[in-house]
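Analysis of the macromolecular model
Here's the letter readout for the chains.
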Amino acid sequence: MKRVYICGDSFCVPDPEYGPCWVDLLGVEFQTVNQATVSATNLMIAMQVDGAIEDQADFVIVQGTSCTRSQTRYQDQIVPYSFLTASTATTPFDQRKLELIKHYYTEFFDLDIAIYQNQCVIENTLQKLVDSKIPFLFDQGGFEHPKFGGSTKQYFSKFNQYRSQVNLWDHGNTALYRPYYHITDTAIHQQVANYYIKEIQ
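Rules behind the numbers
- Residues numbered from 1 in each chain as written.
- Predicted model: local features only at pLDDT ≥ 70, side-chain atom pairs only at ≥ 80, totals over all residues.
- Heavy atoms only, no water.
- Pairing = 2+ DSSP bridges.
- Helix = DSSP H or I, 4+ residues; strand = E, 2+ residues; numbered from the N terminus.
- Axes fitted to C-alpha atoms, helices over the stretch in contact; angles between N-to-C directions.
- Parallel < 35°, antiparallel > 145°, perpendicular 65-115°, else oblique.
- Left-handed = near helix turned anticlockwise from the far one by under 90°.
- Contact = heavy atoms within 4.5 Å.
- Nonpolar A, V, L, I, M, F, W, Y, C, P; charged D, E, K, R; others polar.
- Buried < 20%, exposed > 50% of the residue type's maximum accessible area, 1.4 Å probe, protein only.
- Salt bridge = Lys/Arg side-chain N within 4 Å of Asp/Glu carboxyl O.
- Core = buried A, V, L, I, M, F, W, Y, C linked by side-chain atoms within 4.5 Å.
- Phe/Tyr/Trp six-rings, centres within 6.5 Å; stacked < 30°, edge-to-face > 60°.

1. Things to note about the sheet that holds strand β6 (residues 136-139)
Pairing within the open sheet is parallel, and its 4 strands lie in the order β2-β1-β3-β6. Where the open sheet ends on each side, the last strands, each with one partner, are β2 (31-34) and β6. Between one strand and the next, the sheet's axes are offset by a mean angle of 15 degrees, whatever the strand orientation. Two strands pair when backbone bridges link them, and strand β1 (residues 3-7) and β2 are joined in this way by 4 bridges, in the parallel orientation.

Here you go:
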């Protein structure tokens, strides 16, 4: 049975509140190793891909995420954060640290630099997969997604042959901010799973 590794953020993480996720449905056909984590940054996703390559996955699905996220090492764990998820509900930080994060985003965060930095991380990740010769598909996910105020500029055209026809962030229900965007329509989960099953087979 093929070992399919999933690398991404919360759009790739099962949410029991809404029933089976596309990842769960994919697991019926393949042995899945889901390395995705809620609020993951593009750097964290790159590290997930490194793990998939090291484990010699049979297939890798990669989903990018928003460039407004960052990460730090805290209590021996890499913890993601952003101006949207700077709360005690979504991070292990106390109120003082959360105020520092909010201050950083207000005073020092530069969106153009963040876009370029994340573009470099994603391009490096995709090139590593190409070099590994492991079959893969990727979608930009939340990276510069126009639905969330991003650019309509085409990124990563060099890797178009590996581009998924599915962008999970197209289906996020922005009315249900919990504080993560999730796909709540079970029919979409089935469509996404069916697409990847067909592509992987």
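2. Focus on the packing of helix α1 (residues 22-29) against helix α5 (residues 186-200)
Packing of α1 against α5 brings their axes to within 8 Å, and their N-to-C directions diverge by 40 degrees. If you check the angle between α1 and α5, you find them oblique. Classified by chirality, the crossing of α5 by α1 is right-handed. Here Trp22, Leu25, Leu26 and Glu29 of α1 come into contact with α5, specifically with His189, Gln190, Val192, Ala193, Tyr196, Ile197 and Ile200. Here the residues of the contact of α1 with α5 are counted per class, giving 8 nonpolar, 2 polar and 1 charged.

3. Observations regarding the environment of Glu107
Counting through the fold element by element, Glu107 comes out in helix α3 (residues 95-107). For Glu107, a relative accessible area of 51% corresponds to the exposed category. Glu107 sits 49 residues away from Asp58 along the chain, and the two C-alpha atoms are 44 Å apart.

4. Description of the pairing of strand β4 (residues 70-74)
With 5 bridges connecting them, β4 and strand β5 (residues 77-81) associate as antiparallel partners. What sits directly across from Ser70, in β5, is Tyr81. Connecting β4 to the antiparallel partner β5 that follows it, the hairpin turn spans 2 residues, and Gln75 within it adopts a positive phi of roughly 50 degrees.

5. Points about the pattern of salt bridges
Scanning the model with the defined rule gives 3 salt bridges in all. Lys128 is paired through a salt bridge with Asp50; the nearest N and O atoms lie 3.0 Å apart. With Lys128 in helix α4 (residues 111-132) and Asp50 in helix α2 (residues 42-54), this pair connects stretches of sequence that are 78 residues apart. Owing to a relative accessible area of 35%, Lys128 belongs among the partly exposed residues under this scheme.

6. Thoughts on the nonpolar core
One finds Trp22, Leu26, Ile61 and Tyr196 to be the most contacted residues of the largest nonpolar core, which totals 25 residues. Broken down by element, this core gets its largest block of residues, 7 residues, from α5.

7. Structural notes on the packing of aromatic side chains
Tallied over the entire structure, the rule returns 14 aromatic pairs. With centroids separated by 4.9 Å and ring planes inclined at 80 degrees, the aromatic side chains of Phe143 and Tyr155 adopt a geometry described as edge-to-face. With Phe143 in the loop between β6 and α5 and Tyr155 in the loop between β6 and α5, this pair connects stretches of sequence that are 12 residues apart. In this structure Phe143 comes out as buried when scored by relative accessible area, which is 0%. Among the residues examined, Tyr155 registers a relative accessible area of 6% and is labelled buried. Seen from their ring centres, Tyr155 and Phe156 are 5.9 Å apart, and the 45 degrees between their planes marks the pair as tilted. On the accessibility criterion, Phe156 (4% relative accessible area) is buried.

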